[in-house]
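Summary of the model geometry
Each chain, written out:
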Amino acid sequence: MKKQFNRMRQLANQTVGRAEKTEVLSEDLLQVEKRLELVKQVSHSTHKKLTACLQGQQGAEADKRSKKLPLTTLAQCLMEGSAILGDDTLLGKMLKLCGETEDKLAQELIHFELQVERDVIEPLFLLAEVEIPNIQKQRKHLAKLVLDMDSSRTRWQQTSKSSGLSSSLQPAGAKADALREEMEEAANRVEICRDQLSADMYSFVAKEIDYANYFQTLIEVQAEYHRKSLTLLQAVLPQIKAQQEAWVEKPSFGKPLEEHLTISGREIAFPIEACVTMLLECGMQEEGLFRVAPSASKLKKLKAALDCCVVDVQEYSADPHAIAGALKSYLRELPEPLMTFELYDEWIQASNIQEQDKKLQALWNACEKLPKANHNNIRYLIKFLSKLSEYQDVNKMTPSNMAIVLGPNLLWPQAEGNITEMMTTVSLQIVGIIEPIIQHADWFFPGEIEFNITGNYGSPVHVNHNANYSSMPSPDMDPADRRQPEQARRPLSVATDNMMLEFYKKDGLRKIQSMGVRVMDTN
């Protein structure tokens, strides 16, 4: 109790400056002492934030950690969804592949977190909460010992003064001897503690490279985790793409022709073959075919069915105008026209030739330059239109009329233009391209052609359905089908074909006739 009282009095005297404070640490060690506190703060903060990054339960074994992992839950959900949908569906296959991949990624994440916890988080905790606090605790103990030493020295000096002796002589008496022994013992304890603290501080400085390695290890472990995860993902991506590429039931509307043919393994686009084959059975004598607008709901339903490669022939055999509208929509929605952007200028130049033989030869030359896929499909389509023109006395669709309503869906300029200008110039030229090709189909494409390649589109005997249609667009037609959006580079919609015919018969008649095109009088 008395010793503690003396220590407090000595501390008070040192605080107010009445007594000198002994500093037993060198300047270097004092700097290390300051650095200790900074390193402790940084290590503690990093440990806390790094622990928060862990998705699994800290300290748990791999099995217990896995149950709490969000990736594991996601993998289970995907696998359950795959079981519900079945492996025979594309979505079911995708869910299964992704579920298996997510489960593997979860296992990699668990391994990564366990390694980070062992090699980084736990060492940081020991540094911030054990090693540095032990050094700081020892530093506080040294401060107490120094205070005791200073207190003993002060009391011994006071005793020396009170005895009247000079400072160079030893104080006499038992009390002075006891104080001297106490002072020497305190100084000895200070020296031992100081040496131990100095060793620990120097050791801390020397081990800084080890502490820095914790963060290098963190980056290395992260890099290895991401490398393994990337390897897993790169391994499964080809499988996912292969499953999708092998799945033939893909949308065809709005997709590039070459892509559709490659995926489906066909030479003729499915919508073109399906529509042509059905029209051969039920639409050849239908008046105004390709000109009369179908019901918007019927057209939408048929397009969706064609996208799924599922067509109810019996249902649509009663509506040839819907079939014709679906065929026009497919041609119009191709990203590139069937007659290609690349050959557009050549087609237009050929249409401007006045001499018939030279014009036909120029058209034939352009036709031969078409890519194989485009050539096969334009040949198929022109052969059908030529056959359709054989019934022109009944269906009122001459080669010129077919060129008017179908031409803008087979060829259009790549750059967007004013619709009025297109109707008065470009479309007139396109008519001059399509009509002679239809008229001379056997010269452009010699030989017979089998339309029903797959043999799946037989239809009942033709019935005339004109009583169900007017010459104007259907009133239930969706506005989006009446007029294409400006950003879609499509010539004209089904609903504008009648307007085009009227335009050609009036203002454009002279230009058409000058190009050798005849327009029938539908009146």
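How each quantity is defined
Residues numbered from 1 in each chain as written. Predicted model: local features only at pLDDT ≥ 70, side-chain atom pairs only at ≥ 80, totals over all residues. Heavy atoms only, no water. Axes fitted to C-alpha atoms, helices over the stretch in contact; angles between N-to-C directions. Helix = DSSP H or I, 4+ residues; strand = E, 2+ residues; numbered from the N terminus. Parallel < 35°, antiparallel > 145°, perpendicular 65-115°, else oblique. Left-handed = near helix turned anticlockwise from the far one by under 90°. Contact = heavy atoms within 4.5 Å. Expected span 1.5 Å × (residues − 1). Buried < 20%, exposed > 50% of the residue type's maximum accessible area, 1.4 Å probe, protein only. Salt bridge = Lys/Arg side-chain N within 4 Å of Asp/Glu carboxyl O.

For the protein, the name recorded in an unreviewed UniProt entry is Rho GTPase-activating protein 44, with Macaca mulatta as its organism.

**Some words on the packing of helix α13 (residues 344-351) against helix α14 (residues 356-368)**
Closest axis-to-axis distance for the α13/α14 pair is 8 Å, and the angle between their directions is 170 degrees. Between α13 and α14, the angle falls in the class roughly antiparallel. Seen from above, α13 lies across α14 with left-handed handedness. Within the contact between the two elements, α13 uses E346, W347, A350 and S351 and α14 uses K359, A362, L363, N365, A366 and C367.

**Quick notes on the side chain of T340**
In this structure, T340 sits in the loop between α12 (320-333) and α13. Not counting the four nearest positions on each side in its chain, T340 is found in contact with L370, P371, N374 and L411.

**Quick look at helix α7 (residues 208-246)**
When the terminal C-alpha atoms of α7 are compared, their 58 Å separation across 39 residues agrees well with the 57 Å that a helix rising 1.5 Å per residue should span. When we look at burial in α7, the residues that qualify are Y211, Y214, L218, V221, Y225, S229, V236 and I240. The secondary structure elements touched by the buried residues of α7 are α2 (27-53), α5 (90-162) and α6 (174-206).

**Digging into unusual backbone geometry**
Although it is not a glycine, T340 adopts a positive phi angle of roughly 70 degrees. Even without a glycine there, the phi angle at K396 is positive, about 60 degrees. For K396, the location among the structural elements is in the loop between α16 (392-395) and α17 (399-410). By relative accessible area, which is 35% here, K396 ends up partly exposed.

**Looking at the pattern of salt bridges**
In the structure shown here, the tally under the stated rule is 14 salt bridges. Taking the shortest distance from any N to any O, the salt bridge between R227 and E224 comes out at 3.0 Å. Of this pair, R227 and E224 both sit in helix α7, separated by three residues, roughly a single helical turn. Where K358 meets E355, a salt bridge forms, and the shortest distance between an N and an O atom there is 3.6 Å. E355 gets classed as partly exposed once you look at its relative accessible area, which sits at 43%.

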